[in-house]
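Below are the chains, spelled out letter by letter.
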Protein chains: 2
Amino acid sequence: MNLSQKCQYGLRAMFELAKRNSQGPLSIPQIAEAQAIPPRFLEQILTQLKHAGYVESRRGVQGGYLLASTPYEVTVGEIIRLFEGPLSPVKCLAGQGGGDCPLLGDCAFIELWERAQAAVEEVYDSTSLQDLIDRERAAAARRTVNFCI
Amino acid sequence: MNLSQKCQYGLRAMFELAKRNSQGPLSIPQIAEAQAIPPRFLEQILTQLKHAGYVESRRGVQGGYLLASTPYEVTVGEIIRLFEGPLSPVKCLAGQGGGDCPLLGDCAFIELWERAQAAVEEVYDSTSLQDLIDRERAAAARRTVNFCI
DNA sequence: TTAAATCCCTAGTGCAACGATCGGGATAAT
DNA sequence: ATTATCCCGATCGTTGCACTAGGGATTTAA
């Protein structure tokens, strides 16, 4: 069920990069401050995102990180899988070897786990970074209207 | 995402009690063997299930544990919540106090987490122990047919 | 050419949760 | 009285998580 802090930081970093996609590279301190992430920890997270091909980096003065693709192309599901592995509630689904389940074969729960996994995958895989940006804007607009009323 | 081993053991124990509901109390060794659960660990788990009101116990010779209600009345969702707490992917949804999220209020992700939580809740809360028993029987029947063919 | 800003890599650390075990006590049936 | 069972509290080893630290490599700018 639970997503790790690292995964959430990773998503927030990607979100920040997506929001300010046109401003050139964002440095670690910039992202860290905007999204309240410990900077040295963020460094590790960005390295991981880079190795997986989701961001690019520029070194030296004025350097930083950039999205490797557009916010429309990246889904939340991909990022979560990068940090958490398969989105399955139990190990025996995750590992293709079946893990070490002693009830292999006639487990009454497998179908249940598969359905739960499919349900969250539907949500996460159908949401792109751009969707998050759009929703944030919509929420901000709603807040403004409420404030006026 | 992941359910703890303890939670899975708890579900399997409940499932075993449900399957053999009419046979009188099941002892810890009986359940442990049938479901491949370390006996001393199972003891703790059954205690937890008892305190929460899901099972009853009989002491002494011929004692053991019984389901406190019918397999139709208990959902998988309840049991999972007993061991794992709220079915939310992030802390800030789980704690009614909002946890310690520094972005409280204008977080672009909240709606996403709510949707993911609702998706798994739909699956887990709509499955009773009896459903699991029925599905296991159906799966066994399917295997028999395949074997005959 | 030097200096500053930035990313890059490899450890290492403290803590809490998890999975499991242990010892010994209470209770009930025979 | 004996035995089978549950009951309770403590403990223990491992692992993963969240985070910190130190020192190096590049690139731009002055």
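Residues numbered from 1 in each chain as written. Chains lettered and ligands numbered in written order. Predicted model: local features only at pLDDT ≥ 70, side-chain atom pairs only at ≥ 80, totals over all residues. Heavy atoms only, no water.

1. A word on the protein's contact with DNA strand C
DNA strand C sits among 27 residues. The nearest are K50 and S57 of chain A together with R40, Q44 and R59 of chain B. Taking R59 of chain A, its side chain carries an N or O atom lying 3.4 Å from a sugar or linking oxygen of DNA strand C. At 2.3 Å from a base oxygen of DNA strand C is found a side-chain nitrogen or oxygen belonging to R40 of chain B. For the surface near DNA strand C, the secondary structure elements donating two or more residues are α3 (39–51), β1 (55–58) and β2 (64–67) of chain A together with α1 (5–19) and α3 (39–51) of chain B. Tallying contributions element by element places α3 of chain A first for the surface near DNA strand C, with four residues. Taken together, the residues of the surface near DNA strand C break down into eight nonpolar, twelve polar and seven charged. (Near = heavy atom within 4 Å. Polar contact = N/O pair within 3.5 Å; in protein donor to acceptor, adjacent residues only side chain to side chain. Helix = DSSP H or I, 4+ residues; strand = E, 2+ residues; numbered from the N terminus. Nonpolar A, V, L, I, M, F, W, Y, C, P; charged D, E, K, R; others polar.)

2. A word on α3 of chain A
Residue and element names in this part refer to chain A. Taking 1.5 Å as the rise per residue, α3 with 13 residues should run 18 Å; its terminal C-alpha atoms sit 18 Å apart, in good agreement. Buried within α3 are the following residues: L42, I45, L46 and L49. Each buried residue of α3 lies within a common arc of 100° when the element is viewed along its axis, so the set occupies one face. Away from its buried face by more than 90 degrees, α3 exposes R40 and H51. For α3, the elements touching its buried residues are α1 (5–19), α2 (28–35), β1, β2 and α4 (76–84). Of the residues trailing α3, G53 is marked for its positive phi of about 90°. (Expected span 1.5 Å × (residues − 1). Buried < 20%, exposed > 50% of the residue type's maximum accessible area, 1.4 Å probe, protein only. Arc of directions from axis to C-beta. Contact = heavy atoms within 4.5 Å.)

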